[in-house]
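Notes for the structure review
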Amino acid sequence: MKRFSFLTILIVPFVLSAQERADSLRREVTIEKDFTPIVRDASKINTLPEVEAPTVTRQSIQYSDWTVPAPLEARAVLLPPGGFGDPVRENLKRGYFDFGLGNYWNMAGNAGYRILQSEKDQLGVWWQHRSTCGTVDYNQQLPGYETSRTMRQLEERVVADYRHTFEKLDLGIRGGYRYNSFNYYGLRFPGVQGIASPGQEINRFFLKSQIASNNPEAQLHYRASLAYHRYGYRRGYLQGDKGAAENWVEADFALTAPIDKSSDITVDGAFDYIGYSQLPSASGYGMLSLNPRYSWRNDRVSLSAGVRADISFNDGTIFRFAPDVRFDWTIVPNLQFYTWLTGGKQLNTWHRVSAYTLYFNPSAVADNSYIPLDARLGLRVNALRGFSIGLSGGYEIGKRVLFLIPEQTDDAQLTGVSRFWGIDAYAFKAGLDLAYRYGSLWEASARVDYCRWTTTGGGQVVSYNRPQWQGEMKVRYNPLQKLSLEAGYQFAAVRRYGALGSLSDMHLVHVKASYAFTPWFSLYGLTDNVLNRKYDIAYGMPAQGINFLFGVDFKF
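Residues numbered from 1 in each chain as written. Predicted model: local features only at pLDDT ≥ 70, side-chain atom pairs only at ≥ 80, totals over all residues. Heavy atoms only, no water.

With that settled, consider the overall build of the protein chain. Looking only at helices and strands, the protein chain features one helix and 26 strands. The long-range fraction of contacts in the protein chain, counting pairs at least 24 apart against all pairs at least 6 apart in sequence, stands at 65%. If you sum the accessible surface of the protein chain, you get close to 25,400 Å²; carbon and sulfur atoms cover 61% of it. (Helix = DSSP H or I, 4+ residues; strand = E, 2+ residues; numbered from the N terminus. Contact = heavy atoms within 4.5 Å. Areas by Shrake-Rupley, 256 points an atom, 1.4 Å probe, with all protein chains shown as cover.)

Dropping the structure here:
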């Protein structure tokens, strides 16, 4: 079916689901972001001012987040789940199931059930399915090579978590398994042998236990956890190579001793060990991190001052230090100022960098990054009822900051995969965000961010997988208690890496709708990339054109 036929989706009335679980799945690859989580700077100190609600009342359903799975990483498939919007939404029933189907054979399914939900014991399980099998057109051309290719991807994920509350502490155990199967559909030179030919499979699982004090009157609060993660490939990078596996053991703790009602002393610590099997080029390494700090706060000011010390084993420089200072000040009730001075060393494990993309060299270990200084400051104004505006700026110094570039042979031929390279660089950052809310009827937001990375050597711009400009706008309208409508726009501009060239800018428009027929049955739908824009997720890896997804949602 030709792409222009999907434009008819724009005139199909969306009758669809209000029971949404918004962060169940991020809207992958619409805007390529860094693979590390980014906390919006002002979120720590800002809440939108209260407004007088209009005559439209809020939904009577109560919400919790017990069935909401962890966000999935950015991938090639533009597949959100049944839930829409930012608020985490879930009813008081014990289980849920939703499933959506669209063009490109896009499928998204979610299910979860609370087995135990007493005051002392909570046991829940959830499952997610994502898959696609559609043809995409290349935006680059090579002589004698195909102009399109089928992009295949399958993911299954199941997680179970248990928590028991004792008299003075909580005990939690969480574990899960995740399976990925996909093909390296990226552009490669004809005749190049390597991983680009076969498909790939990834098996990973984890098990984590945690204890934490639950007595707010105690003189010492504590938390400690121990976890094991395994990330294993079936195939290596070169033709015929067997896959390797990454084994990651992490332990961390936090101790907080209150001094009085407004101050305390905290010590955070962590130990990580990463080892590789069937990968002779890599050796195991570890890191011990300590982060002591002092915190003080009152009704208008919050101050935290400390230092982070990272001690490495078999991984370059032994001692690394970075500041950990955070200052938030409510100057007047509708004007807030903040500044942060942070940093530290980050271990770029396969488990962590796969949150950005799965299509990287499976036989290469990424460099670990060190940030001596990440300085930020911002100002937020809530002068008008329901309206908020924020300004932010910053400067970051990085050692071996990761940049994703196409993997090439010795004679500069593309192989269809990418690789993370660590480069010494620094960045200037700036941001502007706006938000408006009118009760439960209207909600609108917009944000634009600027970040320019430059190498410490020759001043070369290195924003290949880090757009200099990116932003989004979103408008949500709830004309009826059971009906929710949304339209949004996202963009990313200036993505290049020196001689490797530039990628086209992203300009993506989406529309969403949901309608709840009953408290337990809903329908949802969306149309994404409405303008049918052609763009690359990474170099030589085209994204889907206009695509849609319709689905059902049940609560039981």
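With seven bridges joining them, strand 1 (residues 95–102) and strand 2 (residues 107–117) adopt antiparallel strand pairing. By the bridge assignment for strand 2, Gly100 is matched with Ala108. Taken together, strand 1 and the strand that follows it, strand 2, pair antiparallel across an intervening segment of four residues, in which Tyr104 is found at a positive phi of about 60°. As paired elements, strand 1 and strand 26 (residues 547–555) share seven bridges and run antiparallel to each other. Within strand 26, the residue paired with Phe97 across the bridge is Phe554. (Pairing = 2+ DSSP bridges.)

A separate point is unusual backbone geometry. Of note, Tyr104 is a non-glycine position whose phi angle comes to about 60°, a positive value. A positive phi angle, close to 55°, is found at Trp105, a residue other than glycine. Relative to the helices and strands, Trp105 resides in the loop between strand 1 and strand 2.

This next bit is on the packing of aromatic side chains. Evaluated as defined, the whole model comprises 28 aromatic pairs. On the basis of an interplanar angle of 15° and a centroid distance of 6.1 Å, the ring pair of Tyr489 and Phe491 is categorised as stacked. Using a relative accessible area of 23% as the deciding quantity, one classes Tyr489 as partly exposed. Chaining the aromatic ring pairs together yields one cluster made of Tyr231, Tyr233, Tyr276, Trp350, Tyr356, Phe360 and Phe420. Over the face of the ring belonging to Trp340 we find Arg326, whose NZ or CZ atom lies 5.1 Å from the ring centre. In this arrangement the basic side chain of Arg419 is found over the ring face of Trp421, its NZ or CZ atom lying 4.5 Å from the centre. (Phe/Tyr/Trp six-rings, centres within 6.5 Å; stacked < 30°, edge-to-face > 60°. Buried < 20%, exposed > 50% of the residue type's maximum accessible area, 1.4 Å probe, protein only. Lys NZ or Arg CZ within 6 Å of the ring centre and 35° of its normal.)

Before going further, it helps to spend a moment on the environment of Asp264. Among the secondary structure elements, Asp264 is positioned in strand 9 (residues 263–277). Residue classification places Asp264 among the buried positions, given a relative accessible area of 10%. Along the backbone, Asp264 and Ser304 are 40 residues apart, and their C-alpha atoms lie at a distance of 9.6 Å. Beyond its immediate stretch of four places on either side in the chain, Asp264 contacts Thr256, Ala257, Pro258, Ile259, Arg293, Tyr294, Ser295 and Arg297.

In summary, soluble globular proteins display a tendency toward joint burial of nonpolar side chains. If you look at the biggest cluster of nonpolar residues, it comprises 38 residues, and the most contacted ones within it are Trp350 and Phe420. Secondary structure elements with two or more residues in this core: strand 7 (221–233), strand 9, strand 10 (285–297), helix 1 (350–353), strand 15 (387–408), strand 16 (414–438), strand 22 (506–518) and strand 24 (536–538). Beyond its immediate stretch of four places on either side in the chain, Trp350 contacts Tyr231, Tyr233, Ala244, Ala245, Glu246, Tyr276, Leu279, Phe360, Pro362, Ala364 and Val365. Within the second largest apolar cluster, nine residues are counted, among which are Ile371, Val401, Ala427 and Trp453. (Core = buried A, V, L, I, M, F, W, Y, C linked by side-chain atoms within 4.5 Å.)

Further remarks concern the environment of Tyr233. Along the chain, Tyr233 turns up in strand 7. We classify Tyr233 as buried; its relative accessible area is 6%. Residues contacting Tyr233, with those up to four places away along its chain left out, are Tyr184, Gln200, Glu201, Ile202, Gly243, Ala244, Trp350, Leu358, Phe360 and Pro362. Within the structure, the side chain of Tyr233 is placed 3.5 Å from the side chain of Tyr231, a separation counted as a polar contact. (Polar contact = N/O pair within 3.5 Å; in protein donor to acceptor, adjacent residues only side chain to side chain.)

Its location among the elements puts Leu483 in strand 19 (residues 483–493). Spatially, the C-alpha atom of Leu483 lies 4.6 Å from that of Tyr515, the residues being 32 residues apart in sequence.

A complete count under the given rule lists 20 salt bridges for this structure. For the salt bridge of Lys429 with Glu396, the shortest nitrogen-to-oxygen distance reads 2.3 Å. Taken together, the positions of Lys429 in strand 16 and Glu396 in strand 15 put the pair 33 residues apart, joining distant regions of the chain. A residue is classified by how much of its surface remains accessible, and Lys429, at 26% relative accessible area, is partly exposed. Between Lys555 and Asp553 there is a salt bridge; the shortest N-O distance is 2.7 Å. In this pair, the class of Lys555 matches that of Asp553, namely buried. Because the salt bridges share partners, they merge into one network encompassing Asp374, Arg376, Glu396 and Lys429. (Salt bridge = Lys/Arg side-chain N within 4 Å of Asp/Glu carboxyl O.)

To continue, consider the confidence of the model for the protein chain. Atom-level detail of predicted coordinates should not be read off regions where pLDDT is low. Across the protein chain, pLDDT averages 81, with 82% of residues at or above 70. For the stretch residues 1–91, pLDDT sits under 50, and the model shows 297 contacts to residues farther than four places along the chain or on other chains. (pLDDT = per-residue confidence, 0-100.)

Where nonpolar side chains cluster on the molecular surface, the patch consists of Phe97, Tyr113, Ile115, Leu116, Val125 and Phe556 and spans about 480 Å² of accessible area. For the nonpolar patch, the element with the most residues is strand 2, which contributes three residues. Here Val125 shows up in strand 3 (residues 121–137). Classification of Val125 as partly exposed rests on a relative accessible area of 30%. (Patch = residues over 30% accessible without salt bridge, like charges linked within 9 Å, V, L, I, M, F, W, Y side chains within 5 Å.)

Within the secondary structure, Ser263 is located in strand 9. According to the relative accessible area criterion, Ser263 is buried, its value standing at 2%. Within polar-contact distance, the side chain of Ser263 engages the side chain of Asp260 at 2.8 Å. Apart from residues lying up to four places away in sequence, Ser263 is in contact with Pro258, Tyr294, Ser295, Trp296 and Arg297.

Now for the side chain of Ser131. In this fold, Ser131 is placed in strand 3. Judged by relative accessible area, which is 12%, Ser131 ranks as buried.

Sheet faces and side chains relate simply in a regular strand, where the side chains alternate between the two faces. Looking at chain direction, strand 8 (residues 245–260) and strand 9 are connected through 15 bridges and run antiparallel. Bridge pairing links Thr256 to Thr266 in strand 9. Bridging between strand 9 and strand 10 involves twelve bridges; their strand directions are antiparallel. Note that in strand 10 the partner of Ile265 across the bridge is Tyr294.

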